[in-house]
Amino acid sequence: MYTYAIGLDIGITSVGWATLALDEKENPFTILGMGSRIFDAAEQPKTGASLATPRREARSARRRLRRHRHRNERIRALLISSGLLSEAELATLFEGKLEDVYLLRVLALDKPVTRSELARILIHLSQRRGFRSNRKSAVDNEDGKLLEAVNENKRRMQEAGYRTAGEMMLRDPTFFNCKRNKGGNYLSTVTRDMTADEVHKIFTAQRRFGSEFAGEDFENAYLEILLSQRSFDD
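Residues numbered from 1 in each chain as written. Predicted model: local features only at pLDDT ≥ 70, side-chain atom pairs only at ≥ 80, totals over all residues. Heavy atoms only, no water.

(A) Structural view of the side chain of R120. With respect to the secondary-structure elements, R120 resides in helix α4 (residues 115-127). Within the local environment of R120, its side chain forms a polar contact with the backbone oxygen of E99, the two atoms lying 2.8 Å apart. Excluding its chain neighbours within four sequence positions, the residues that come into contact with R120 are L93, F94, L98, E99, V101 and L104. (Helix = DSSP H or I, 4+ residues; strand = E, 2+ residues; numbered from the N terminus. Polar contact = N/O pair within 3.5 Å; in protein donor to acceptor, adjacent residues only side chain to side chain. Contact = heavy atoms within 4.5 Å.)

(B) Molecular detail of the packing of α4 against helix α8 (residues 216-227). Relative to each other, α4 and α8 sit at 25 degrees, their axes nearing to 10 Å. Accordingly, the angle class assigned to the pair α4 and α8 is roughly parallel. Here the hand of the crossing between α4 and α8 comes out right-handed. Residues L122, L125 and S126 of α4 touch α8, and the partners they reach there are F218, Y222 and L226. (Axes fitted to C-alpha atoms, helices over the stretch in contact; angles between N-to-C directions. Parallel < 35°, antiparallel > 145°, perpendicular 65-115°, else oblique. Left-handed = near helix turned anticlockwise from the far one by under 90°.)

(C) Local environment of the sheet that holds strand β1 (residues 3-10). The antiparallel open sheet is built from 3 strands, whose spatial order is β1-β2-β3. Single-partner strands in this sheet number two, and they are β1 and β3 (28-38). Adjacent strand axes in the sheet meet at a mean angle of 15 degrees when their direction is disregarded. Relative to β3, strand β2 (residues 14-22) runs antiparallel, the two sharing 9 bridges. Looking at the pairing, V15 lines up with R37 of β3. (Pairing = 2+ DSSP bridges.)

(D) Representation of the environment of T30 in the model. Residue placement: T30 occurs in strand β3. Residues T30 and L20, 10 residues apart in the sequence, show an inter-C-alpha distance of 5.8 Å. Leave out the neighbours within four places in its chain, and T30 touches T19, L20 and A21.

In structure tokens form, the structure reads like this:
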């Protein structure tokens, strides 16, 4: 009885196979059998999209939401452990009439803000932390649109002299009714580095105004959470 080896040529619509007999040195010396199996591609006939695309997109959405919740929990835990707010104060932080958080982001550059105002700013920035691609391959069509919007906003900030992305969103007429991306509109896209720069400027300003809650250790701990990003594969 021969020892044998099997070779496979696997494609998206077929599998070719061959069985080879081996001699005592495990070198092939004859073909025992060969053939192929052909099947329909696992894709949408009209578009060519993978049949697994809806499941993959739903899984990615669940992953993003899970990581967003986890980041939000870590930020809130940091606000408490740093002494910025108590648990009770954090629980009621968003009750009552609230000032526009974009206005607070700008005010924090020029004047002292309260503990609750700083907490609102930091929570808001963690939820609008900006774009950073996690792709190892070439930039896709959506990434290209995001980067185009980022470059336009960088140009707008430079030409108008806005100090931060938050100041641009507050003062520039372009963003009066469009501070969030939706429906394929990427107008308000900024990078994560731009958000981190705003955080640093706010903390630096608050330290200059004598805030005891804007220490460098707190800033570094906040930025570590804000900038964290796991690999897409993970």
